[in-house]
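# Overview (structure and organization)
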Amino acid sequence: MPGSAGSFVTGLSCPRCGRVLDHRRPHNLCPCGSPLLVDYDLEAVGAALRKEDLPGRPPTMWRYRELLPVEDPAHEVSRGEGLTPLVPLPELGRRIGLPALVVKDEGLNPTGTFKARGAACGVSRAAELGITDVALATAGNRVIEERAAERGWFDVSTLKEPYRIEGKKTLGLELAEQFGWLWPDAIVYPAGGGVGLIGIWRAVEQLRGLGWLFQSDTPRLIVTQAEGCAPLVEAFDRGRDESEPWPDARTVAAGLRVPKARGDFLVLEAVRRSGGTAVAVSDQAILEAMAELGGAGLSAAPEGAATLAAARVLRDRGDLGASDRVVLINTGAATKYPGAVASATAVP
Ligand SMILES: *Cc1c(COP(=O)(O)O)cnc(C)c1O
Ligand SMILES: [Zn+2]
């Protein structure tokens, strides 16, 4: 690290208008309304850290400290997020024609979902910047925006501050490390706001900059959404750069119920540049997939289960091949949804 405390962050930049902002001050959105991205001096990171150093580090997302924005490790607010297992599912995989199917089990994060990664990073950096009160909206709690403005809380909800993406980026860094610095062929991600997918793409780009991968290719990033709320899938299919607000959004997968994602243009760009695709699946297929994953010993929330339903469709339509190494991101554990567990187990 540069000195005892410091980071390799050079600034915040806007992917829409190109504005560059000072990362040493708190920022929410860019004045143009776009989410902000965090930039690093990758050359300096590469000089300070070799990938061979990583195995000796603690098994949490903070092992990638040089690629994270927190300057002083004392500010890391952490319950041990990250380094979740990759679980091979050969039997289930063979059943759907994808024998090299693997699940990244994010349900094993301390909070039961991969949200923990973004939250840990966002809250740590907020604390470091001297912010004492943060407001974090959950789905269905849109009142936060007003309240935060009124009371001076710092709004850390989805993409409204730059650092949660960085936390979710560690998901991509881990996949690269766990696959021995060779990308899998495809990563299937259940997108709500798409923060995780944007984060994985940041990892792909930054690791390419560091030259750590044995091949300079990229995994195909595949977005899945529920048929009852699929603005990103529709925009992808129509060749659009942005999505249209989805009217009357409904799905059992609450984390996917995002009618218009603020970072939609970033998600669509990442999917296209990675050679990926997008697919919508029904709630029925999601609940069946939940039960199927349960049968294979995995606790999957409906969002995570959507990736299995998607993989099946993609295999059928030829977007995934029998030899592809496919990673499903199980973004959360079934315990987040006691009701859905009951309906999933009621599926014949
Ligand atoms: C929030 C959430 C998602 C969607 O994440 P985004 O980063 O908004 O795309 C997926 N799965 C679960 C379990 C979630 O909680
Ligand atoms: Zn801007």
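Up top you'll find the structure we're talking about.
Throughout what follows, the structure given in this document is the object of discussion. (Residues numbered from 1 in each chain as written. Chains lettered and ligands numbered in written order. Predicted model: local features only at pLDDT ≥ 70, side-chain atom pairs only at ≥ 80, totals over all residues. Heavy atoms only, no water.)

Secondary structure summary: the chain contains eleven helices and eleven strands in total. Radius of gyration (C-alpha) of the chain: 19 Å, near the 20 Å computed for a compact globule of 348 residues. With the principal axes as the frame, the chain shows a C-alpha extent of 55 × 50 × 40 Å. Within the chain, the fraction of its 348 residues that count as buried is 53%. Summarising the internal contacts of the chain: among those between residues at least 6 apart in sequence, 70% fall at separations of at least 24. Roughly 14,000 Å² of accessible area belongs to the chain as shown, and the carbon and sulfur atoms make up 50% of that amount. (Helix = DSSP H or I, 4+ residues; strand = E, 2+ residues; numbered from the N terminus. Rg over C-alpha atoms; globule rule 2.2 N^0.38 Å. Buried < 20%, exposed > 50% of the residue type's maximum accessible area, 1.4 Å probe, protein only. Contact = heavy atoms within 4.5 Å. Areas by Shrake-Rupley, 256 points an atom, 1.4 Å probe, with all protein chains shown as cover.)

A separate point is the packing of aromatic side chains. Within this structure, the stated rule accounts for two aromatic pairs. Taking the centre distance of 5.5 Å and the plane angle of 85 degrees together, the rings of W181 and W212 count as edge-to-face. One end of the pair, W181, is in the loop between α5 (163-178) and β8 (186-190); the other, W212, is in the loop between α6 (195-210) and β9 (220-226), and 31 residues separate them in sequence. Residue W212 is classed as buried on the basis of its relative accessible area, which comes to 8%. Here R16 stacks its cationic end above the ring of F265, 4.3 Å away from the centre of that ring. (Phe/Tyr/Trp six-rings, centres within 6.5 Å; stacked < 30°, edge-to-face > 60°. Lys NZ or Arg CZ within 6 Å of the ring centre and 35° of its normal.)

Here we come to the site of ligand 1. Around ligand 1 lies a shell of 15 residues, among which K115, Y189, G193, G194 and T331 are the nearest. Contact distances for ligand 1 include 2.6 Å between a nitrogen atom and a side-chain N or O atom of T331. In isolation ligand 1 has 380 Å² of accessible area, and contact with the protein removes 92% of it. Only β8 and α6 provide two or more residues apiece to the shell around ligand 1. (Near = heavy atom within 4 Å. Polar contact = N/O pair within 3.5 Å; in protein donor to acceptor, adjacent residues only side chain to side chain.)

Along the polypeptide, Y337 turns up in the loop between β11 (326-330) and α11 (338-345). Along the sequence, Y337 and A301 sit 36 residues apart, while their C-alpha atoms lie 6.6 Å from each other. Setting aside its immediate chain neighbours within four residues, Y337 contacts V252, A253, A254, G255, A301, P302 and E303.

Summarising burial for strand β1 (residues 9-13): four of the five residues are buried, a large majority. Sheet topology note: the β1/strand β3 (residues 37-40) ladder contains four bridges and is antiparallel. Bridge pairing in β3 links L12 to V38. Judged from the two bridges that link them, β1 and strand β2 (residues 20-21) form a sheet pairing that is antiparallel. By the bridge assignment for β2, S13 is matched with V20. (Pairing = 2+ DSSP bridges.)

Each pair of donors in an ideal four-coordinate tetrahedral metal site encloses 109.5 degrees, whereas pairs in an ideal six-coordinate octahedral site enclose 90 or 180 degrees. Within the first shell, the zinc ion (ligand 2) binds the protein through C14 (SG), C17 (SG), C30 (SG) and C32 (SG), at distances of 2.3 Å. Around the zinc ion (ligand 2), the four donor atoms sit at angles spanning 106 to 117 degrees, and that spread fits a shape best called tetrahedral. One chain supplies every donor to the zinc ion (ligand 2), and in sequence these donors are spaced C-x2-C-x12-C-x1-C. For C14, a relative accessible area of 5% gives the class buried. Among the residues examined, C17 registers a relative accessible area of 40% and is labelled partly exposed. (Donors = N, O, S within 2.8 Å, 3.2 Å for Na, K, Ca; no water. Tetrahedral: all angles 85-135°; square planar, octahedral: opposite > 155°, others 65-115°.)

Below, the discussion takes up the sheet that holds β1. With respect to topology, three strands assemble into an open sheet ordered β2-β1-β3, the strand pairing being antiparallel. Because the sheet does not close on itself, it has two edges, and the strands there are β2 and β3.

Turning our attention to the pattern of salt bridges. Where charged atoms of side chains with opposite charge meet at close range, the side chains can pair. Tallied over the entire structure, the rule returns 27 salt bridges. Within the structure, one salt-bridge network assembled from shared partners comprises D39, R202, E205, E269 and R273. (Salt bridge = Lys/Arg side-chain N within 4 Å of Asp/Glu carboxyl O.)

This part takes up the side chain of T307. Positionally, T307 belongs in helix α10 (residues 302-316). With sequence-adjacent residues up to four places away left out, T307 is seen in contact with V188, Y189, P190, T224, L328 and I329.

Given a rise of 1.5 Å per residue, 13 residues ought to cover 18 Å, and the 18 Å separating the end C-alpha atoms of helix α9 (residues 283-295) matches this to within 8%. I286, L287, A289, M290, E292 and L293 are the residues of α9 that are buried. (Expected span 1.5 Å × (residues − 1).)

Now for the packing of α6 against helix α8 (residues 264-273). Running from amino to carboxyl end, α6 crosses α8 at an angle of 50 degrees, the nearest separation of the two axes being 9 Å. Comparing the axis directions of α6 and α8 gives the class oblique. The handedness of the crossing between α6 and α8 comes out as left-handed. Residue-level inspection shows L197, I198, W201 and E205 of α6 in contact with α8, the latter providing L266, V267, A270, V271 and R273. Residue composition of the contact of α6 with α8, grouped by class: seven nonpolar, no polar and two charged. (Axes fitted to C-alpha atoms, helices over the stretch in contact; angles between N-to-C directions. Parallel < 35°, antiparallel > 145°, perpendicular 65-115°, else oblique. Left-handed = near helix turned anticlockwise from the far one by under 90°. Nonpolar A, V, L, I, M, F, W, Y, C, P; charged D, E, K, R; others polar.)

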